[in-house]
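Residues per chain are reported as follows:
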Amino acid sequence: MSKTVLLGAVLALGLSAAQAAPISPSFQTFGDLPQATFGGSGIPTDPTAFSAFVDPGTGDTLLLGLSATQRFSNPAPTNDGAGTYFVEPAFNNGITGSSLGAGWNFNFYVEVLATGSGSGTIGDFEVELLYDLDAGVDTDESALGVIDLSLLTPTSTLEQGSQNATFAFLAGPAFPGLTPPGATFNPLAPGEYTFALQ
């Protein structure tokens, strides 16, 4: 069984994305995030690892959430109740006779709640989605791919999505807002995959 380690709302204040160490799980809640759609319809929101942070300067609140869900009719992920999901290796996209995509997606949710004096946008924060395409255990943070959401959607108050690790853009080439990892993803390879919002 492949193990997908999902790290919800890792906040690394003052650390660069190239920090030399594996990421440790850190989140406040592992449960339902009912306001999320992850950019689609019918995508489960329970359980989601999520945390809320208040900007000490403006008082605005940043809500970050991550989850893993089944793709199409593949088996649903199980979890340990503490942010780690377990999925079966699979290579299909739900279309009979086709073999495109992994059997699970990783989902992210970023919302800025204007609870203070700031403009209440993602650009007010430095928000990065880190993702892992390497099946190895404890992949170093410096080897993870990075999507800089504060660069890609600076004026938004809400950004969410559901991605499949086989999506070609995740492997590169790089473009402003995306730094791909050095690895390529094999949906049939058992392993450990780390995802984080920071």
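Residues numbered from 1 in each chain as written. Predicted model: local features only at pLDDT ≥ 70, side-chain atom pairs only at ≥ 80, totals over all residues. Heavy atoms only, no water.

A. Representation of the pairing of strand E3 (residues 48-54). Across the seven residues of E3, five count as buried, placing the element largely inside the fold. Where E3 lies against strand E4 (residues 61-70), six bridges are found, and the strand directions are antiparallel. Bridge pairing in E4 links Val54 to Thr61. (Buried < 20%, exposed > 50% of the residue type's maximum accessible area, 1.4 Å probe, protein only. Helix = DSSP H or I, 4+ residues; strand = E, 2+ residues; numbered from the N terminus. Pairing = 2+ DSSP bridges.)

B. Quick peek at the sheet that holds strand E2 (residues 29-31). Across the sheet, which stays open at both edges, the five strands sit in the order E2-E3-E4-E7-E10 with antiparallel pairing between neighbours. Each edge of the open sheet is held by one strand with a lone partner, namely E2 and strand E10 (158-163). Averaged over neighbouring strand pairs, the angle between their axes works out to 15° when direction is ignored. Across six bridges, strand E7 (residues 104-113) lies against E10 in antiparallel orientation. Across the sheet, the residue bridging to Val110 is Glu159, located in E10. (Axes fitted to C-alpha atoms, helices over the stretch in contact; angles between N-to-C directions.)

C. How the structure looks around a nonpolar patch on the surface. A grouping of Leu152, Phe169 and Phe175 is seen on the molecular surface, where their side chains present a nonpolar patch of about 260 Å² in accessible area. Mapped onto the secondary structure, Leu152 falls in helix H1 (residues 149-152). For Leu152, a relative accessible area of 41% corresponds to the partly exposed category. (Patch = residues over 30% accessible without salt bridge, like charges linked within 9 Å, V, L, I, M, F, W, Y side chains within 5 Å. Areas by Shrake-Rupley, 256 points an atom, 1.4 Å probe, with all protein chains shown as cover. Salt bridge = Lys/Arg side-chain N within 4 Å of Asp/Glu carboxyl O.)

D. Examining the environment of Thr155 more closely. Here Thr155 shows up in the loop between H1 and E10. Residue classification places Thr155 among the exposed residues on the basis of a relative accessible area of 69%. Spatially, the C-alpha atom of Thr155 lies 8.6 Å from that of Gly120, the residues being 35 residues apart in sequence.

E. Unusual backbone geometry, seen in detail. A cis geometry characterises the amide bond from Asp46 onward to Pro47, with omega recorded as 10°. Structurally, the position occupied by Pro47 is in the loop between E2 and E3. Looking along the chain, the bond that leaves Gly172 and enters Pro173 is cis, with omega of 15°. Secondary-structure assignment places Pro173 in the loop between E10 and strand E11 (178-179). Within the chain, Phe38 stands out as a residue other than glycine whose phi angle is a positive 55°. The phi torsion at Asp138 lies on the positive side, around 55°, for a residue other than glycine.

F. Representation of the environment of Thr29 in the model. Along the chain, Thr29 falls in strand E2. Assessed through its relative accessible area of 32%, Thr29 is described here as partly exposed. Distance in space between the C-alpha atoms of Thr29 and Gly65 is 9.3 Å, their sequence separation being 36 residues. Other than its neighbours up to four places away in sequence, Thr29 contacts Thr48, Ala49 and Phe50. (Contact = heavy atoms within 4.5 Å.)

G. Local environment of the packing of aromatic side chains. This model, assessed by the stated rule, comprises seven aromatic pairs. Ring centres of Trp104 and Phe195 lie 6.1 Å apart, and the angle between their planes is 80°; this geometry places the pair in the edge-to-face category. Of this pair, Trp104 sits in strand E7 while Phe195 sits in strand E12 (residues 192-197); the two residues are 91 residues apart in sequence, bridging distant segments of the chain. With relative accessibility at 3%, the residue Trp104 sits in the buried group. Ring centres of Phe185 and Tyr193 lie 5.2 Å apart, and the angle between their planes is 70°; on these two criteria the pair is classed as edge-to-face. Of the two residues, Phe185 and Tyr193, neither departs from the other in class, the shared state being buried. (Phe/Tyr/Trp six-rings, centres within 6.5 Å; stacked < 30°, edge-to-face > 60°.)

H. Seen up close, the side chain of Thr69. For Thr69, the location among the structural elements is in strand E4. Side chain to side chain, Thr69 and Asn107 meet in a polar contact 3.0 Å long. Setting aside residues up to four positions removed in sequence, Thr69 forms contacts with Ile43, Pro44, Pro77, Trp104, Asn105 and Asn107. (Polar contact = N/O pair within 3.5 Å; in protein donor to acceptor, adjacent residues only side chain to side chain.)

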